Amino acid sequence: MPANEQLVDVGGRTLRLRNLDKVLYPSTGTTKGELLHYLTSVSGLLLPHLKDRPATRKRWPDGVESSTTFFEKNVPRGAPSWLRDVTLPAPGSTKDREMVTYPLIDDLAGLVWAANLAALELHVPQWRVGPRGAAKDPDLLVIDLDPGAPAGLPQCAEVAWAVREKLEDDGLVAFPVTSGGKGMQLYAAVSGKQDATTVREYAHRLAEGLEREMPRLVVSRMAKALRKNKVLLDWSQNHSAKTTICPFSPRGRERPTVAAPRTWDELDDPGALRQLEFGEVLDRVPDLGDPLAELLPTGNRAGKGPRVPTS
């Protein structure tokens, strides 16, 4: 066996790991081995958010400063036979003629397999697949808060409180996640009994309403010319074909940041709010656990939240 390879047993599965000392984040010297340490340490919290959700991976085989990066939806050749997968129509394909076979990363071995391929980011839809592989209706609503420079996390926090209030008025409970990039996401559990179009239209109306109420700070339209020093409420992430970075997933940014679940108390001090890195997230786990745990379905329940208003 080459010196840069080793065989490891992960939950009874044998995996061949390569180049564990390869630097993936040059600005901090963070290696693939350190990426694997983070993922294995946080796997108990990350995997429930991945479970039964087709995983799109963004890979950086030569590290985050390389131009060699790409999104991967299909299971690649050479994937282990034990890896769960699901075949679904490709987003936007005509009359469902094109199909994609996605991996379902729902155990530690699958997570380590993806990390070994330098899949730094794990993106998932707001819906899950059932036991026969059919796509269910969404069990989550997500609002992506994307700041336009010079706005940043403090402005996102201000908008997040306003979004939380609107959602509460409709019986939905919001949970914040700093994205590991520029902004943050807000998640709320929904019933799993309404289709993605209904949920997306509700999110669109919410975003438009806040744009009218907070025109100084909020924009609901995608045009970049409108976004300077404002926060885009990206309601479109609720489209059935869209994916969002999974909570607790690493990010392929200059530094090893994480899509980190936060508490609302942390948003009370927006000036101190910043994106968190691997070690900081792991340091929080013993005390906080998963601040998003209430979003996770129980047993066979598709969702834990209410129906969204339709008008």
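In what follows, the accompanying structure is described. Nothing here was measured: the structure is a model prediction, and the numbers come from that model.

### A few points about the sheet that holds strand β5 (residues 56-59)
Item 1. An order of β6-β5-β9-β15 is seen for the four strands of this open sheet, with the pairing classed as antiparallel. Across the chains shown, the open sheet's two edge strands, defined by having one partner strand only, are β6 (70-72) and β15 (244-245).
Item 2. Of the pairings in the sheet, the one linking strand β9 (residues 119-124) to β15 comprises two bridges and is antiparallel in character. Looking at β15, one finds that His-123 is bridged to Ile-245.

### Section: the pattern of salt bridges
Item 1. This model, assessed by the stated rule, comprises 20 salt bridges.
Item 2. Across the pair Glu-5 and Arg-18 runs a salt bridge whose closest N-O atoms are separated by 3.0 Å. With Glu-5 in strand β1 (residues 5-10) and Arg-18 in strand β2 (residues 13-18), the pair connects residues that are 13 residues apart, well separated along the chain.
Item 3. Assessed through its relative accessible area of 16%, Glu-5 is described here as buried.

### Topic: the pairing of strand β14 (residues 231-234)
Item 1. The alternating pattern of β14 places Val-231 and Leu-233 on one face and Leu-232 and Asp-234 on the opposite face, and all of these are buried.
Item 2. In this structure, strand β10 (residues 140-147) lies alongside β14, joined through four bridges in antiparallel fashion. Looking at β14, one finds that Leu-145 is bridged to Leu-233.
Item 3. As paired elements, strand β13 (residues 218-219) and β14 share two bridges and run parallel to each other.

### Here's the deal with the sheet that holds strand β12 (residues 184-189)
Item 1. Ordered in space as β13-β14-β10-β12-β11-β16, the six strands form an open sheet in which the pairing is mixed. The sheet terminates laterally at β13 and β16 (260-261), the two strands that pair on one side only.
Item 2. Note: strand β11 (residues 174-178) against β12, five bridges, orientation antiparallel. Counted as the bridge partner of Phe-175 is Tyr-187 from β12.

### Details of the packing of helix α1 (residues 32-50) against helix α2 (residues 108-116)
Item 1. Two elements in contact, α1 and α2, have axes separated by 9 Å at closest approach and are oriented at 140 degrees. The angle between the axes of α1 and α2 places the two elements in the oblique class. Seen from above, α1 lies across α2 with right-handed handedness. Across the interface between the two elements, Lys-32, Leu-35, Leu-36, Leu-39, Thr-40, Ser-43, Leu-46, Leu-47 and Leu-50 from α1 touch Leu-108, Leu-111, Val-112, Ala-115 and Asn-116 from α2.
Item 2. Grouping the constituent residues of the contact of α1 with α2 by class yields ten nonpolar, three polar and one charged.

About the thresholds
Residues numbered from 1 in each chain as written. Predicted model: local features only at pLDDT ≥ 70, side-chain atom pairs only at ≥ 80, totals over all residues. Heavy atoms only, no water. Pairing = 2+ DSSP bridges. Helix = DSSP H or I, 4+ residues; strand = E, 2+ residues; numbered from the N terminus. Salt bridge = Lys/Arg side-chain N within 4 Å of Asp/Glu carboxyl O. Buried < 20%, exposed > 50% of the residue type's maximum accessible area, 1.4 Å probe, protein only. Axes fitted to C-alpha atoms, helices over the stretch in contact; angles between N-to-C directions. Parallel < 35°, antiparallel > 145°, perpendicular 65-115°, else oblique. Left-handed = near helix turned anticlockwise from the far one by under 90°. Contact = heavy atoms within 4.5 Å. Nonpolar A, V, L, I, M, F, W, Y, C, P; charged D, E, K, R; others polar.

Purely spatial values, then, with no claim about function.
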